[in-house]
Amino acid sequence: MAGLCCGCGSCWPSREGVPDRYPLGSVNRAHYHTMETNAEAADFILHRNEFVGDTAELTPYGKDHILEIAARARYAPFPILVERSENNSSPAVDDHRRTIIAQVLLDHGVADAQQRTIISPAYGKGLTAQEAESDYNQYVNSRSIKSGEW
């Protein structure tokens, strides 16, 4: 059973092959690795607010973001996601955006851009302005911090 112990002598597997004790930090490390991977995948999402109105034209931030994606896409396995219009209300605009983004990525050396660029809702549901304000107020009030005490 080589490779299952960290060398401390206390985490050798029991008869069932499951360690009696795991090496310190190994369970947390796996969890953190998953969170980091999910966060990296979220970097490859082009959100609706990165486009000018209901067009396929990118905002200045969107232009910077697509260049960052192009630089990283050759070395990362994640799909490039173009966020779908709200309630799938403009499928033609969504498809046009996907086509433009895939072409820009192809022009910047991402050879498999056509296959990797997809239209989909973003991974996590965002907050509305009212929800974010409510969360912020709840956080500030829960800490009993009065204005000016920072």
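Structure's up top.
Residues numbered from 1 in each chain as written. Predicted model: local features only at pLDDT ≥ 70, side-chain atom pairs only at ≥ 80, totals over all residues. Heavy atoms only, no water.

A. Highlighting the pattern of salt bridges. According to the stated counting rule, one finds four salt bridges in the structure shown. Taking the shortest distance from any N to any O, the salt bridge between E40 and R72 comes out at 3.6 Å. Of this pair, E40 sits in helix α1 (residues 26–42) while R72 sits in helix α2 (residues 60–73), and the two are 32 residues apart along the sequence. With a relative accessible area of 32%, R72 lands in the partly exposed category. Across the pair E83 and R48 runs a salt bridge, and its minimum N-O distance is 3.6 Å. With E83 in strand β2 (residues 80–83) and R48 in the loop between β1 (45–46) and α2, the pair connects residues that are 35 residues apart, well separated along the chain. According to the relative accessible area criterion, R48 is partly exposed, its value standing at 32%. Taken together, the shared-partner salt bridges connect E40, D43 and R72 into one network. (Salt bridge = Lys/Arg side-chain N within 4 Å of Asp/Glu carboxyl O. Helix = DSSP H or I, 4+ residues; strand = E, 2+ residues; numbered from the N terminus. Buried < 20%, exposed > 50% of the residue type's maximum accessible area, 1.4 Å probe, protein only.)

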